[in-house]
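Per-entry structural report
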Amino acid sequence: MTETASSTDLATLVAAKLCHDFISPAGAIVSGLDLLNDPSAQDMRDDAIGLIDQSARKMVALVHFARVAFGAATTSERFDGRELQGLVAGMTEGGRSTVDWQVDDRSFSKPQARALVNLAYLTAAALPAGGIAVVTGREDDGALVLEGVAEGARARLKPEAAEGLAGRPLSEGLQGQWIQPYWLWLTVKEAGGDLTVVAEGGRVVLTARMPL
């Protein structure tokens, strides 16, 4: 794959990632329905309903997040900060890391919103053993600065993620771990901004600077 991945390559990898993300809750819903329909498993009815409920909510959260993070979302041209916070919360709920959202309740353009939700999610993902992911947004010298700071035990970026965030082609490893970081880099780049990454000493910092 070249450094500037083709539209077809990107579409293929994004579709593959979404299928991978959706298959787990979708499969859990089917498993719950199978239990409900199994006459010999009626004592597990409450467990089955709980599994279906939890998995359906996760599926809805994934869809809402993906529409903004990877797609054109709705016909809306602007997104409210609280709405974006809710999308990130739905994706990170139940995970080991905690997202500390410190973004002003302002409106964001589509590219800004896409960058923000991806940056927030990737900051939380940099904490596999738990920790605090602080997400901030501010204006600075005529630009919007979005920053995610992950601090905690074993805070790190996988090699695939580091390559994607730098806008480099995947050298080895999993494409699914590369495409979302690369998508963030591409979103910021195409909006006329820049993305910087610092990962050292149990701390990962992602900073996107974009035009207002």
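Conventions we followed
Residues numbered from 1 in each chain as written. Predicted model: local features only at pLDDT ≥ 70, side-chain atom pairs only at ≥ 80, totals over all residues. Heavy atoms only, no water. Helix = DSSP H or I, 4+ residues; strand = E, 2+ residues; numbered from the N terminus. Polar contact = N/O pair within 3.5 Å; in protein donor to acceptor, adjacent residues only side chain to side chain. Contact = heavy atoms within 4.5 Å. Buried < 20%, exposed > 50% of the residue type's maximum accessible area, 1.4 Å probe, protein only. Core = buried A, V, L, I, M, F, W, Y, C linked by side-chain atoms within 4.5 Å.

What follows concerns the side chain of T92. Within the secondary structure, T92 is located in helix 3 (residues 81–92). At 3.0 Å, the side chain of T92 and the backbone oxygen of V88 are in polar contact. Aside from chain neighbours lying at most four places away, what touches T92 is V99, Y121 and A124.

This paragraph deals with the environment of Y182. Structurally, the position occupied by Y182 is in helix 6 (residues 175–190). According to the relative accessible area criterion, Y182 is buried, its value standing at 1%. With 38 residues separating them in the primary sequence, Y182 and L144 have C-alpha atoms 20 Å apart.

So, about the nonpolar core. Of all hydrophobic cores here, the largest spans 51 residues; its most connected members are L84, W101, F108, L116, L146 and L184. Setting aside its immediate chain neighbours within four residues, L184 contacts A115, N118, L119, L122, L165 and L195.

That is the geometry; function is a separate question.
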